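In case you want the letters, here they are:
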Amino acid sequence: ISIPFTSGDAPLESATGKLAGTPTAAGAFEFTVLAVSDTLRDTRRFTISVVAPVTITSAAERRAAVMGAAYADTVRATGGSGVFEWRLASGELPAGVALETSGVVRGTPATSGSFRFTATAASDDLTAQREFTLVVSKPALAANAVLDALLGGSATLTADERSFLDLLGNRN
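The text that follows walks through the structure, step by step, so that each part is easy to find.

Analysis parameters
Residues numbered from 1 in each chain as written. Predicted model: local features only at pLDDT ≥ 70, side-chain atom pairs only at ≥ 80, totals over all residues. Heavy atoms only, no water. Helix = DSSP H or I, 4+ residues; strand = E, 2+ residues; numbered from the N terminus. Buried < 20%, exposed > 50% of the residue type's maximum accessible area, 1.4 Å probe, protein only. Contact = heavy atoms within 4.5 Å. Areas by Shrake-Rupley, 256 points an atom, 1.4 Å probe, with all protein chains shown as cover. Pairing = 2+ DSSP bridges. Axes fitted to C-alpha atoms, helices over the stretch in contact; angles between N-to-C directions. Salt bridge = Lys/Arg side-chain N within 4 Å of Asp/Glu carboxyl O. Phe/Tyr/Trp six-rings, centres within 6.5 Å; stacked < 30°, edge-to-face > 60°.

**Examining the overall build of the chain**
Link 1 in the chain: The secondary structure content of the chain amounts to two helices and 12 strands.
Link 2 in the chain: Going from the N terminus to the C terminus, the chain shows its helices and strands as β-β-β-β-β-β-β-β-β-β-β-β-α-α.
Link 3 in the chain: The buried share among the 172 residues of the chain stands at 30%.
Link 4 in the chain: Excluding contacts between residues fewer than 6 apart, the proportion of contacts in the chain whose partners are at least 24 apart in sequence is 53%.
Link 5 in the chain: Surface summary for the chain: the accessible area is close to 10,600 Å², and the carbon and sulfur share equals 52%.

**Some details on the sheet that holds strand 6 (residues 71–74)**
Link 1 in the chain: Taking strand neighbours across the sheet as the criterion, the three strands line up as 6-10-9 in an open arrangement whose pairing is antiparallel. Two strands bound the open sheet, and with one partner strand each, they are strand 6 and strand 9 (97–99). Strand-to-strand twist in this sheet, taken as the mean axis angle between neighbours without regard to direction, amounts to 10 degrees.
Link 2 in the chain: Both strand 6 and strand 10 (residues 104–107) contribute to a ladder of four bridges, which runs antiparallel. The partner of threonine 74 across the bridge, within strand 10, is valine 104.

**Remarks on the pairing of strand 3 (residues 41–50)**
Link 1 in the chain: Counting buried residues along strand 3, only one of its 10 residues qualify, which leaves the element largely exposed.
Link 2 in the chain: In terms of strand pairing, strand 2 (residues 27–36) meets strand 3 through 10 bridges, oriented antiparallel. Residue glycine 27 lies in a different strand from strand 3, and its bridge partner there is valine 50.
Link 3 in the chain: Adjacent in sequence and paired antiparallel, strand 2 and strand 3 are bridged by four residues.

**A closer look at the pattern of salt bridges**
Pairs can form between side chains of opposite charge once their charged atoms are near each other.
Link 1 in the chain: Applying the stated criterion across every chain yields a total of five salt bridges.
Link 2 in the chain: Between aspartate 42 and arginine 44 there is a salt bridge; the shortest N-O distance is 3.9 Å.
Link 3 in the chain: Given a relative accessible area of 44%, aspartate 42 falls into the partly exposed group.

**Let's talk about the side chain of threonine 118**
Link 1 in the chain: Inspection of the secondary structure assignment puts threonine 118 in strand 11 (residues 113–123).
Link 2 in the chain: Owing to a relative accessible area of 13%, threonine 118 belongs among the buried residues under this scheme.
Link 3 in the chain: Discounting residues that sit within four places of it in the chain, threonine 118 has contacts with Arg87, Leu88, Ala89, Ser90, Gln129, Arg130 and Glu131.

**Quick word on the packing of aromatic side chains**
Link 1 in the chain: If you walk through the whole model with that rule in mind, you get two aromatic pairs.
Link 2 in the chain: For the pair phenylalanine 31 and phenylalanine 46, a centre-to-centre distance of 5.7 Å together with 25 degrees between the ring planes defines the contact as stacked. Of this pair, phenylalanine 31 sits in strand 2 while phenylalanine 46 sits in strand 3; the two residues are 15 residues apart in sequence, bridging distant segments of the chain.
Link 3 in the chain: For phenylalanine 31, a relative accessible area of 6% translates into the label buried.
Link 4 in the chain: Taking the relative accessible area as the measure of exposure, phenylalanine 46 reaches 36% and is therefore partly exposed.

This is the structure in structure tokens:
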């Protein structure tokens, strides 16, 4: 059987009918194949869909967080089917913060420091990984305001500042 192309541009091996090669572009590609034997011939139209590899596009250094303050950040990717499921592959996030399957890093950091973690983005059977760093700092509190608030004075602390002090107080 001879299988030459009649239209389109797909790398089909004429002796075996095997579609082979490395795609260089994503998209839907149509091609027509003509199969010929000594007595028969037939054409058939095919479409092959090629998706781009998954690539994580977010910067490795994530937006800084503050201990005791609500935090949300989103990691992003391209390629695949365009729908991604994220998971933590290795490393750790600060206590109180998690990576959601949607790619949102969310929570209230309960510890300060520099946290390195590797996230995996999956789309269909394609995956990519990237290592990220999230730095969590302690808030700068005015000592007079803290003492005044603790002693029942008129100083006002923000909700994030009170959350930070609660986290510190729970460690005693």
